[in-house]
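Okay, here's what each chain looks like letter by letter:
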Amino acid sequence: QVQLVESGGGLVQPGGSLKLSCAASGSIFSINLMGWFRQAPGKQRALVAVIASGGSTNYADSVKGRFTISRDNTKNTVSLQMNSLKPEDTAVYYCYALVRPSGSTSFLTQWGQGTQVTVSA
């Protein structure tokens, strides 16, 4: 069984910064993609940023130039540095991983429990 545990959410003023972190644990053979999605009230969950095991990244247009995703493959962790935060970044942020469990030949989608990010004066 694989678990994703997030940390780092909170309340920040517009223009401020936050860093989210997520650690994957359990019986893991490998992790392909890791990343972050977010869901604002009344909206669908949407991609924020993802990073492949080789380091290639993909960002939502709305966060390009402000957010930076990084990953430590040796620790199975992924982080999201969020700068120049705007009120529209307010959402629950979910860690995501495409995991191949030990003893399996298939990749499974795993989600964290979510962490609240609120950008408000």
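The structure contained in this document is the topic of the report that follows. (Residues numbered from 1 in each chain as written. Predicted model: local features only at pLDDT ≥ 70, side-chain atom pairs only at ≥ 80, totals over all residues. Heavy atoms only, no water.)

Let us now look at the environment of Ala46. Residue placement: Ala46 occurs in strand β5 (residues 46-52). For Ala46 and Trp36, which are ten residues apart along the polypeptide, the C-alpha to C-alpha distance reads 8.7 Å. Residues within four places of Ala46 in sequence aside, it is in contact with Phe37 and Arg38. (Helix = DSSP H or I, 4+ residues; strand = E, 2+ residues; numbered from the N terminus. Contact = heavy atoms within 4.5 Å.)

On inspection of all chains with the given rule, the structure shows one disulfide. Covalently, Cys22 is tied to Cys95 through a disulfide, its sulfur atoms 2.0 Å apart. Sign of the S-S torsion, about -85° for the bond between Cys22 and Cys95, identifies this disulfide as left-handed. Of this pair, Cys22 sits in strand β3 (residues 18-26) while Cys95 sits in strand β9 (residues 91-101), and the two are 73 residues apart along the sequence. Here Cys22 and Cys95 have matching classes, each one buried. (Disulfide = S-S within 2.5 Å. Buried < 20%, exposed > 50% of the residue type's maximum accessible area, 1.4 Å probe, protein only.)

With antiparallel pairing, the four strands of this open sheet are ordered in space as β1-β3-β8-β7. Each edge of the open sheet carries a strand with a single partner, namely β1 (2-7) and β7 (67-72). Looking at each pair of strands side by side, their axes are set apart by 15° on average, direction ignored. Where β3 and strand β8 (residues 77-82) come together, six bridges link them in antiparallel fashion. What sits directly across from Ala23, in β8, is Thr77. (Pairing = 2+ DSSP bridges. Axes fitted to C-alpha atoms, helices over the stretch in contact; angles between N-to-C directions.)

Quick look at the side chain of Arg38 now. Assignment of secondary structure puts Arg38 in strand β4 (residues 28-39). At 3.4 Å, the side chain of Arg38 and the side chain of Ser62 are in polar contact. Side chain to side chain, Arg38 and Tyr93 meet in a polar contact 2.8 Å long. Apart from residues lying up to four places away in sequence, Arg38 is in contact with Gln44, Arg45, Ala46, Val48, Ser62, Val63, Phe67, Glu88, Asp89, Ala91, Val92 and Tyr93. (Polar contact = N/O pair within 3.5 Å; in protein donor to acceptor, adjacent residues only side chain to side chain.)

This part is about unusual backbone geometry. Both trends apply: most residues other than glycine have a negative phi, and most peptide bonds are in trans. Unlike most non-glycine residues, Asn76 shows phi in positive territory, near 55°. Looking at the element boundaries, Asn76 is found in the loop between β7 and β8. With a phi angle near 50°, Ser84 is a residue other than glycine that sits in the positive phi range. Structurally, Ser84 can be placed in the loop between β8 and β9. A residue is classified by how much of its surface remains accessible, and Ser84, at 40% relative accessible area, is partly exposed.

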